[in-house]
Amino acid sequence: MLLSRLRGLRPQAQRSRLQTLRPLTGSQRSPRTIGQTRHYSRNGDGSGKEESSSKKQHRPGLLSASLTWGAFLVATGLSVERWYYGSPASRVSKSGTPVYGSPEDFKQAIEDLRKDLSHLEHGISTSPDDLYSHGFSVNDYHPGVSHTVVVYPQSTEDVVKIVKIANKYRMPVTAYSGATSLEGQFRAHKAGGICVDMGSMDKILEIHSEDSDLVCQPGARWMDINEILKEKGITESYFPSSFPGLIIEYRNTAVLPPTIGANAVRYGTAKGEWFLNATIVLPSGQVIKTRRRSRKSAAGFDITKLFIGAEGTLGIITEVTIRLAPVLPTTVAVAQFPSIRAATEAVSEILNQGVGIQCVELVDDIFMQATNTYGASKRKWPEKDSLFFKFQGPSQASLKETAEIVKKTVKKHGATNFELARNKEEADELWNDRKNAHYSGLALLPGGKGWPTDVCVPVSKLPQLVAETKEDLAGIGLKSTIVGHVGDGNFHALILFKTDEERERAHKAVSRMVKRAIALDGTCTGEHGVGIGKKDYLVEELGEGTVELMKTIKRTLDPLNLFNPGKLYPDDEEISKHKELKD
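So, here's what we can say about the structure. Small disclaimer: the values here were computed from a predicted structure and weren't measured.

### Things to note about the overall build of the protein
In step 1: A count of helical and extended segments in the protein gives 19 helices and 22 strands.
In step 2: For the protein, the residues scored as buried account for 48% of the 583 residues in total.
In step 3: Here the protein displays about 28900 Å² of accessible surface, and carbon together with sulfur accounts for 52% of that area.

### Some words on the packing of helix α10 (residues 340-351) against helix α15 (residues 462-474)
Packed helices, taken two at a time, are described by the angle between their axes plus the distance between the axes.
In step 1: Between α10 and α15, the shortest axis-to-axis distance is 8 Å and the interhelical angle comes to 160°. Taken together, the axis directions place α10 and α15 in an arrangement best described as roughly antiparallel. By crossing handedness, the relation of α10 to α15 is classed as right-handed. In contact with I340, R341, T344 and E345 of α10, α15 contributes L462, P463, Q464, V466, A467 and K470.
In step 2: Tallied by class, residues from the contact of α10 with α15 come to 5 nonpolar, 2 polar and 3 charged.

### Describing the environment of Y439
In step 1: You can see Y439 is positioned in helix α14 (residues 437-442).
In step 2: Y439 sits in the exposed class, given a relative accessible area of 64%.
In step 3: Remark: the alpha-carbon pair of Y439 and Y374, spanning 65 residues in sequence, is separated by 8.5 Å.

### Side note on the pairing of strand β10 (residues 213-216)
In step 1: Side-chain alternation along β10 places D213 and V215 on one buried face and L214 and C216 on a second face that is also buried.
In step 2: Inspection of the sheet shows strand β9 (residues 204-208) paired to β10 by 4 bridges, in the antiparallel sense. Following the sheet pairing, I207 is matched in β10 by L214.
In step 3: Here 4 bridges tie β10 to strand β14 (residues 316-323), and the two strands are oriented antiparallel to one another. Following the sheet pairing, V215 is matched in β14 by T321.

### Thoughts on α15
In step 1: End to end, α15 covers 18 Å across 13 residues, agreeing with the expected 18 Å (1.5 Å per residue, within 8%).
In step 2: Taken together, the buried positions of α15 are L462, P463, L465, V466, T469, D472 and L473.

### Details of the packing of aromatic side chains
In step 1: A complete count under the given rule lists 6 aromatic pairs for this structure.
In step 2: When the ring of Y141 is compared with that of F497, the centres are 5.2 Å apart and the planes differ by 75°; the resulting orientation is edge-to-face. Residue Y141 is located in the loop between α4 (128-135) and β6 (149-151), and its partner F497 is located in strand β22 (residues 490-497); the two are separated by 356 residues in the primary sequence.
In step 3: For F497, a relative accessible area of 3% translates into the label buried.
In step 4: Ring pairing ties together the aromatic residues Y141, W451 and F497, which thus form one cluster.
In step 5: Above the ring of F186, the side-chain terminus of R187 is found at 5.9 Å from the ring centroid.
In step 6: Sitting over the ring of W381, R379 keeps its end group 5.2 Å from the ring centre.

### Observations regarding the side chain of K390
In step 1: Along the chain, K390 falls in strand β18 (residues 385-392).
In step 2: Here K390 is buried and forms no salt bridge, its nearest opposite-charge partner D428 lying at an N-O distance of 6.5 Å.
In step 3: Those residues in contact with K390, other than ones at most four positions away along the chain, are T330, T331, V332, G356, I357, Q358, C359 and W431.

### A few points about the pairing of strand β8 (residues 194-197)
Two faces make up the sheet, and in a regular strand the side chains alternate between them.
In step 1: In β8, alternate side chains face the same way, and those of I194 and V196 on one face and C195 and D197 on the other are all buried.
In step 2: In this structure, β6 lies alongside β8, joined through 3 bridges in parallel fashion. Bridge pairing in β8 links V150 to C195.

### Quick word on the nonpolar core
In step 1: Of all hydrophobic cores here, the largest spans 72 residues; its most connected members are F337, L387, F389, F391, V406 and V410.
In step 2: Per element, the largest residue contribution to this core is 7 residues, and it comes from helix α16 (residues 500-519).
In step 3: In this structure, F391 is in contact with P329, T330, T331, A333, G356, I357, L399, T402, A403, V406, F418 and L420, ignoring residues within four places of it in sequence.
In step 4: Residues L120, I165, Y169 and M171 belong to the second largest nonpolar core, which totals 29 residues.

Rules used in this analysis
- Residues numbered from 1 in each chain as written.
- Predicted model: local features only at pLDDT ≥ 70, side-chain atom pairs only at ≥ 80, totals over all residues.
- Heavy atoms only, no water.
- Helix = DSSP H or I, 4+ residues; strand = E, 2+ residues; numbered from the N terminus.
- Buried < 20%, exposed > 50% of the residue type's maximum accessible area, 1.4 Å probe, protein only.
- Areas by Shrake-Rupley, 256 points an atom, 1.4 Å probe, with all protein chains shown as cover.
- Axes fitted to C-alpha atoms, helices over the stretch in contact; angles between N-to-C directions.
- Parallel < 35°, antiparallel > 145°, perpendicular 65-115°, else oblique.
- Left-handed = near helix turned anticlockwise from the far one by under 90°.
- Contact = heavy atoms within 4.5 Å.
- Nonpolar A, V, L, I, M, F, W, Y, C, P; charged D, E, K, R; others polar.
- Pairing = 2+ DSSP bridges.
- Expected span 1.5 Å × (residues − 1).
- Phe/Tyr/Trp six-rings, centres within 6.5 Å; stacked < 30°, edge-to-face > 60°.
- Lys NZ or Arg CZ within 6 Å of the ring centre and 35° of its normal.
- Lys, Arg positive; Asp, Glu negative; His and termini not counted.
- Salt bridge = Lys/Arg side-chain N within 4 Å of Asp/Glu carboxyl O.
- Core = buried A, V, L, I, M, F, W, Y, C linked by side-chain atoms within 4.5 Å.

Don't take any of this as a statement about function, it's just geometry.
Take a look at the structure:
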């Protein structure tokens, strides 16, 4: 009974507060001008006349009473607001949508961070330069917002403290690592919030050479890991990523690992194969470990995969156990083709022969032109659609056998100038021309910018998708290059532009590419992630039921919507729009 009466009083209290704080009108208002106070008196006829300066009277009692009543009304209003809506840590709107803390709440949160993390030297930053660099990216063109504060934790315990303060003051939390975002994943929320930079958590914690795995923090760089393994004499194992980034690329939002890039055709994706377990701080501040270190487990859900790829919306990874791969001899070969379709069809046949392919990369004729003009290589390439191969095997004889099989196959598809590296130095030189793809492509349009994107389809559908996309891009009047990890059906396009109108043309071309891939039973992204840029395609790709299940998991783990809000999950409006189009 008492509870129902209190609920009934809330609207009354709210109306009372609004009436009390309603601005005065007409002759009730006391106008002020800069540097001067005008005094009005009310005559018996109700008219307001300005008193002359000689007739002004000092009224300290009235001023004191006014200030006292004003302070009382403000305090009452704030108390009613806090009673009605709750504390910052529990506040939600009447529609059920979480409401974030006020600027004053955020200021107090920063003070708490400085106090609780005082052991971190230079661990808390509100420098405008730091806030800008962590909230914006030169790699994409999504709207940018600065964070309120950047924090540099060094341990799981530090992250727990950060998350608990974020809960107390209702501050959004965005984990940051690697700075490779292409879809706006580490943009701040419009309300601001805490950016958790994981770069200082870069230690290798344990090495189990006999099990070919190791435990490290998320900021460890895989190239450093491989160097340390060599220094310790562990030369038979390495982490097989082709991208020079961190173990956990928060793509800039926690938890999108490197997908092993070009090496995925041989090793699969990091998301699927290479993370045995993870230590994770949940939005509540609770710490979990997803499983033990054994190579396989049938004990319950595969919780690790739930978080790997969630783009920081479900938890912050603070430790991972990663598998290591054996080091095998490799070499490189390059072949040119009469068309993109011929090159991609050759790849399908080669993969079905079971030969030792570690990487097979597709580049188009425009890319080869850019490499000749702006690349670091001294050689001049035929400006044709081409394939770069990296062969792998236990011996030099096996590499030679693979090369012969591939050479015969590509010639069946019209390939010319099949070139096999004669030694390691030449192999490195050939492969470096492929690795410099992004910057060689950007050089095609001096002073311009590039819109990078990726999609992925079943390998058998890749020839159709690439051919149609190349034809589409040729028709929009913008320069572009195509580069693909063609061995697993994943390819990238870089569309160049200068003006806002050209950028919009590029954006529309990307949308057509995505829809084309989904229609071929593919995905809107094979590697770059969803972030802001591709969340509107998820309903079309995954279906309403799957997307709603994802959002249900998000609401369950993060009811206050603190972790990387606004990313990955389509807005309700987009889901409704999809339903209307479907009906």
